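Examining the three-dimensional arrangement
What follows is the residue order along each chain.
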Amino acid sequence: MTQQPIGATPKKEGTALKVRKKPRRTIFLQMRKNYSSYLFLMPKLLLFILFVAIPVVWAFVLSFQEYKVFGSEFVGIDNYIKVFESEAFRIALKNTLLFTVVTVPFSVISALVIASMIFVLGKLSQSFFRSAFYLPTVTSMVIIAMVWRWMYNYEFGLFNYVLGWFGIEPLNWLGQSSSALWALIIMQCLIPFGVGIIMYLASMGSISESLYEAARIDGASTFKQWLYITVPLLKPTTLYLVLLSTIGSFQVFTQIIMMTGGGPGSATETLVHLIYKTGFRDFEFGFAAAQSVVLFVIILIFSIIQFRVLRHDE
Amino acid sequence: MKKNSFNGLNKLIIYVLLTIFAVVSLLPLYWVFSTSLQLSSYQSKDMERPISYVDANPPKMYPMGIPLYFEHWSGAREAKKADNIEDEKYHREMMEHIVDNTFSSFKSLFQKHDIGKWFFNSLYISVVVTFGILLIDSMAGYVLAKKKFPGRNLIFWIIISTMMIPGQVTLVPLFMMIRDLELMDTHWALILPDLSMVFGVFLMRQFMYSIPDELLEAARMDGASEWRTFWTVVLPLAKPGLAALGIFTFMNVWNSFLWPIIVLNSAELYTLPVGLKTLQDANLASFKLLMSGATVAAIPMIIVFILFQRYFVKGLTIGGVKE
C-alpha cells in the first residue's frame, strides 16, 4: 500500500498549468463545479465547527473571563495569574510530572523489550502473546481502576497478601499520602502498553534482514545486533510512542477519580482531575478554562522538546 | 534478529519470561472474573457461622464454589449409595445454594440496579456513533483525498490541527454549550460531540489515497452519480480502513468516561462506565458486586477484540508506520 505523507496533495497531470485571468471568478466556478464535494464534507464540517472549533476558541476566550451566571466579565490575565499562584495547581502539576516521568519511559522500554521477545517467536505464539498483552488495553480504565483498588485493599487485597509471603507488614497503599501516588504509578507500569507492543512489532517486521546478515558476518552477537541495529532503526516508532504516552499520561484522570479522588489530602491530585473539580464541582469556569489552556501549553512544550531530542541525533 | 538465531534454550527462556509477563498483565482481569464468581456466604454442617470467601485472608485464587460444588456432589452420590436420604437432601440443597450464591451478584445487578439499562445505553450509543462516524468520516475523507476543490487543504489542516489539542480544553465550553442547547442529561450530549471526533477524517483520508483514480474515472464514465460512485465503488474498497476505524470508535465510545460523568445525571440514562462509578460510590465494600458489574462491562469489549483482532492491529499501524 502506498501512503501519502500527511497533507500531501496527490499530483495529477494536466492540471498543473493554467493561466488564470480572473482568479476570483475561477474559484467561484470551481466551487460550483465541485458543489458535490462540499456536500460530502458538510456533515463533518458542521459538527466540527459546532462541537470542536467553537469550543476551542471559546475556551481561550473563557480563560480571560470570570464566569457569572448573568453575564461574564473580562478580567484579563487574572485567571492565569491565579493558576500560577495556586498551591493546588502546583501540587497537581508536580504529581502529574512525577507520574509521567516514571511511567512513560517504563512503559515504552518494557513495550520494546516485550515486542523484541515476541518478535523472535513463531507465528502462532506471536499472535497469542500479542493478544494477551493487548487485552488489558481494550478494557475500560474504569474496570482496571476498580479491580486495582480491590487488589490494593488493606485487609483482603492481593498485594498485601503477596507482601506477607516476604514477611512484610501490610501496607495501606491508597490510604496514606506517602504511598498513594506510587501505588498509582506502579499500577500504570504494570498495565502493558499494548499499542506500543503492536507498533513495535509492526516496525520490526519492516527492518531489512540484510542488515542483520551483514552484522552476523562481522561476528556481532544477537544482543549487539539488537542494540545497534534494531533499537536505532525503531527510533521513529519510539518517538511516536513517547509522544503518545506522554500526552496520555498528562491527561491521567480515570484512575484518580475511581481510586483516590485526588487524596489523601492532595497526594494524588492531577491536572485533569483538578480541572474537573474546578469546573464541575466549584463551577469556576473561567479558572478551569485557564487551567486547561495551561495544560495544553505544557503538553505542547513537552511534545516539542521530545520531538527535538529524539529526532536530533538520527 | 533472525528468528532461527535463537536456539532451544534461549527460546525456552523467552517463553518463560513472556508467560510470566502475560500472567502479570492478565491477572487483574482474571481477578475481576474470579471475584465476581466468588462464593460470598457458605456454611456447611460443621461450621458455626457462614463464611465469605470474597473477604478471605489469605485470598482465594479461584471461585470456591467450584471445588465445594463437586465435594457436595460426590457427597450426595455417596449418600445415595448408602441410602441416607437426609444426607443426600442436605448435599443437594448445598449444591443449589452454591450455584445461587455464585451468581447472586449478577442477579441483583440486573434486578436491583439498572445495569441492564446501562448496558443497553452503552451499546446503542456506541453503535449509533460508530456507524455515524463511519459514514460522515468516509465521506469527508473521500473528497479530501480524491477531489480538488478550493479550500480543501485549508479545511483539512484546520481539522487536523485540532487533533493536537487535548480534549480537556473544550470540556468547559462544551459543557456550557450543551447546557445552552438544553441537551444536558440526554444522550444527544454524548452522541453529538462524539460524532465530531476528527481522528477518523485523518484515517479515512490516508486510506482513500490508495484507491486507484482509474476506478473512480470508470464509474464516472458509466454515468454513475457522485453518491453512487462513493457508495458502490469507494466504500467497498475502503472496507479494511472502515473496519479499523469502526473498532476504534466503538472502543472509545464504549469506554468513554470523563464526558459522560459530567453531562449525565439520571440513573436510567447512564452508560456502563458511569453506572460503574456510581455503583462503586454506593457499595464501596461489596467487591463481589463491583467485580460483577465490571465483568458485565468488560466482556463485550473482550468479545469484540477477539472477533476483530486483526483490525485492531491494522488500525494501529495504518497511518503511523509505513507498510
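Residues numbered from 1 in each chain as written. Chains lettered and ligands numbered in written order. Predicted model: local features only at pLDDT ≥ 70, side-chain atom pairs only at ≥ 80, totals over all residues. Heavy atoms only, no water.

**Overview of the overall build of chain B**
For clarity, the threshold we go by: Each helix corresponds to a stretch of at least 4 residues labelled H or I by DSSP, and each strand to a stretch of at least 2 residues labelled E; elements are numbered beginning at the N terminus. With the radius of gyration taken over C-alpha atoms, the globule rule is written as 2.2 Å times the number of residues to the power 0.38. Working definition: with a 1.4 Å probe on protein chains only, accessible area under 20% of the residue-type maximum means buried, over 50% means exposed, and in between means partly exposed. By definition in these notes, contact holds between two residues if any of their heavy atoms fall within 4.5 Å. Neither His nor the chain ends contribute to the count of charged residues, in which Lys and Arg are positive and Asp and Glu negative. Taken as the charge centre is NZ of Lys, CZ of Arg, CG of Asp or CD of Glu, depending on the residue.
From N to C terminus, chain B includes 16 helices and zero strands. What you see for chain B is a C-alpha radius of gyration of 27 Å, clearly larger than the 20 Å of a compact globule of 323 residues, by over 25%. For chain B, the C-alpha atoms occupy an extent of roughly 90 × 65 × 40 Å along the three principal directions. A burial count over chain B gives 54% of its 323 residues as buried. For chain B, restricting intrachain contacts to residue pairs at least 6 apart in sequence, the fraction spanning at least 24 positions comes to 74%. Counting 28 positive and 26 negative side-chain charges, chain B places the centres of these two groups 11 Å from one another.

**Re the nonpolar core**
Keep this limit in mind: As used in this record, nonpolar core signifies buried Ala, Val, Leu, Ile, Met, Phe, Trp, Tyr and Cys residues forming a set joined through side-chain atoms within 4.5 Å.
One finds A:Tyr134, A:Tyr200, A:Met259, B:Leu18, B:Trp259, B:Ile262 and B:Phe312 to be the most contacted residues of the largest nonpolar core, which totals 189 residues. Here this core gets 13 residues from one element, more than from any other, and that element is helix α5 (residues 115-146) of chain B. What A:Tyr200 contacts, discounting residues up to four positions off in sequence, is A:Val108, A:Ala111, A:Leu112, A:Ala115, A:Leu234, A:Thr237, A:Thr238 and A:Leu241. In terms of nonpolar packing, the next biggest core, distinct from the first, is built from eight residues, B:Leu39, B:Tyr42, B:Leu68 and B:Tyr90 among them.

**Some thoughts on the domain arrangement of chain A**
Our working definition: An automatic or database domain assignment is the source of the domain bounds shown.
Looking at the assigned domains, one finds that chain A contains domain 1 (23-62) and domain 2 (81-312). Between the C-alpha centres of domain 1 of chain A and domain 2 of chain A the distance comes to 37 Å.

**Focus on the interface of chain A and chain B**
What counts here: Two parts lose some accessible area (1.4 Å probe) when they are put together, and adding that loss for both gives the buried area. Any Lys or Arg side-chain nitrogen found within 4 Å of a carboxyl oxygen on Asp or Glu counts as a salt bridge. Identification of polar contacts relies on pairs of N or O atoms within 3.5 Å, with a donor-acceptor requirement for protein atoms, meaning one able to donate a hydrogen and the other able to accept it, and with residues adjacent in sequence counted only if both atoms are side-chain atoms. The nonpolar class holds Ala, Val, Leu, Ile, Met, Phe, Trp, Tyr, Cys and Pro. Asp, Glu, Lys and Arg form the charged class, and all remaining residues, Gly among them, are polar.
On the side of chain B, 115 residues touch chain A, which itself brings 103 residues to the contact. Among the residues chain A hides against chain B, the three largest losses belong to A:Phe40, A:Lys44 and A:Trp150. Together they make up 9% of the total. Counting every contact that joins chain A to chain B gives one salt bridge. Its salt-bridge partner being A:Lys44, residue B:Asp137 comes within 2.8 Å of it at the nearest N-O pair. Viewed at the interface, chain B and chain A are joined by ten residue pairs in polar contact (both at pLDDT 80 or more). Residue contributions to the side of chain A that touches chain B peak at 20 residues, all from helix α2 (residues 35-62) of chain A. For the side of chain A that touches chain B, the residue count by class is 69 nonpolar, 26 polar and eight charged.

**Concerning the pattern of salt bridges**
Two side chains that carry opposite charge are able to pair once their charged atoms sit near each other. Residue and element names in this part refer to chain B. Enumeration over the complete set of coordinates arrives at twelve salt bridges over all chains. Between Glu 88 and Arg 92 there is a salt bridge whose closest N-O contact spans 3.7 Å. Here Arg 92 and Glu 88 lie together in helix α3 (residues 85-102), a separation of four residues that amounts to about one turn. Owing to a relative accessible area of 17%, Glu 88 belongs among the buried residues under this scheme.

**Let's talk about the packing of α2(A) against helix α7 (residues 171-180) of chain B**
Applicable threshold: For every element, the axis is a line fit to its C-alpha atoms; helices are fit only across the contacting stretch, and the angle between N-to-C directions ranges from 0 to 180 degrees. Crossing handedness is read from the near helix: turned anticlockwise from the far helix by less than a right angle, it gives a left-handed crossing, and turned clockwise, a right-handed one.
One can describe the packing of α2(A) onto α7(B) by two numbers: an axis separation of 8 Å at closest approach and a directional angle of 115 degrees. Both α2(A) and α7(B) take part in a crossing whose hand is right-handed. Counting all contacts with α2(A), which are made through A:Leu50, A:Phe51, A:Ile54, A:Pro55, A:Trp58, A:Ala59 and A:Leu62, the residues of α7(B) involved are B:Val172, B:Pro173, B:Leu174, B:Met176, B:Met177, B:Ile178 and B:Asp180. Classifying every residue of the contact of α2(A) with α7(B) by side-chain character gives 13 nonpolar, no polar and one charged.

**Concerning the environment of A:Lys94**
Following the sequence through the fold, A:Lys94 ends up in helix α4 (residues 87-119). Taking C-alpha positions, A:Lys94 is 29 Å from A:Ile197, a pair spaced 103 residues apart along the chain.

**A look at helix α12 (residues 235-250) of chain A**
Threshold: A helix is expected to span 1.5 Å multiplied by its residue count minus one.
The end-to-end C-alpha separation of α12(A) is 22 Å, in line with the 22 Å expected for 16 residues at 1.5 Å each. Those residues of α12(A) not exposed but buried are A:Lys235, A:Thr237, A:Thr238, A:Leu239, A:Leu241, A:Val242, A:Leu243, A:Ser245, A:Thr246, A:Ser249 and A:Phe250.

**With respect to helix α8 (residues 177-190) of chain A**
Residues and elements named next belong to chain A. Between its first and last C-alpha atoms α8 spans 21 Å; for 14 residues at 1.5 Å apiece the expected length is 20 Å, and the two agree. Inspection of α8 places Ser 179, Ala 180, Leu 181, Ala 183, Leu 184, Ile 185, Met 187, Gln 188 and Cys 189 among the buried residues, and these make up the whole buried set. On the buried face of α8, the contacting elements are α4, α6 (141-151) and α13 (254-260).

**Quick look at the environment of B:Thr170**
With respect to the helices, strands and loops of the structure, B:Thr170 is situated in the loop between α6 (152-161) and α7. The buried category is assigned to B:Thr170, whose relative accessible area is 13%. When neighbours within four sequence positions are excluded, B:Thr170 is seen to be in contact with A:Val52, A:Pro55 and A:Val56. In terms of polar contacts, B:Thr170 uses its side chain to reach the backbone carbonyl oxygen of B:Gly167, at 3.1 Å.

**Considerations on a nonpolar patch on the surface**
Operational definition: Only residues whose relative accessible area exceeds 30% and that take part in no salt bridge are eligible for patches, with like-charged residues grouped when within 9 Å of each other and nonpolar side chains (Val, Leu, Ile, Met, Phe, Trp, Tyr) grouped when within 5 Å. For accessible areas, the Shrake-Rupley method is used with a probe of radius 1.4 Å. Any residue's cover is judged against the shown protein chains and nothing else.
Residues A:Ile186, A:Leu190, B:Leu9, B:Leu12, B:Ile13, B:Val16, B:Leu17, B:Ile20, B:Phe21 and B:Val24 make up a contiguous nonpolar surface patch of about 820 Å² in total accessible area. Only α8 of chain A together with α1 (8-36) of chain B provide two or more residues apiece to the nonpolar patch. Among the elements that make up the nonpolar patch, the one with the highest residue count is α1(B) (eight residues). By the secondary structure assignment, B:Val24 is in helix α1. The exposure class of B:Val24 is partly exposed, given its relative accessible area of 39%.

**Let's talk about the domain arrangement of chain B**
All names here are of chain B. With domains assigned, chain B is organised as domain 1 (3-105) and domain 2 (110-317). Of note, the centres of domain 1 and domain 2, computed from C-alpha atoms alone, are 39 Å apart. Contacts between the two partners involve 13 residues from domain 1 and, on the opposite side, nine residues from domain 2. Carbon and sulfur atoms make up 72% of the area that domain 1 and domain 2 hide from each other, which totals about 840 Å². Sorting the residues of domain 1 by area buried against domain 2 places Val 32, Phe 33 and Ser 105 first, and these three jointly supply 51% of that buried surface. Here domain 1 is connected to domain 2 by six residue pairs in polar contact (both at pLDDT 80 or more). Taken together, the elements giving at least two residues each to the side of domain 1 that touches domain 2 come down to α1, α3 and α4 (104-111). When residues of the side of domain 1 that touches domain 2 are assigned to their parent elements, the largest contribution, five residues, is made by α1. Grouping the constituent residues of the side of domain 1 that touches domain 2 by class yields five nonpolar, eight polar and no charged.

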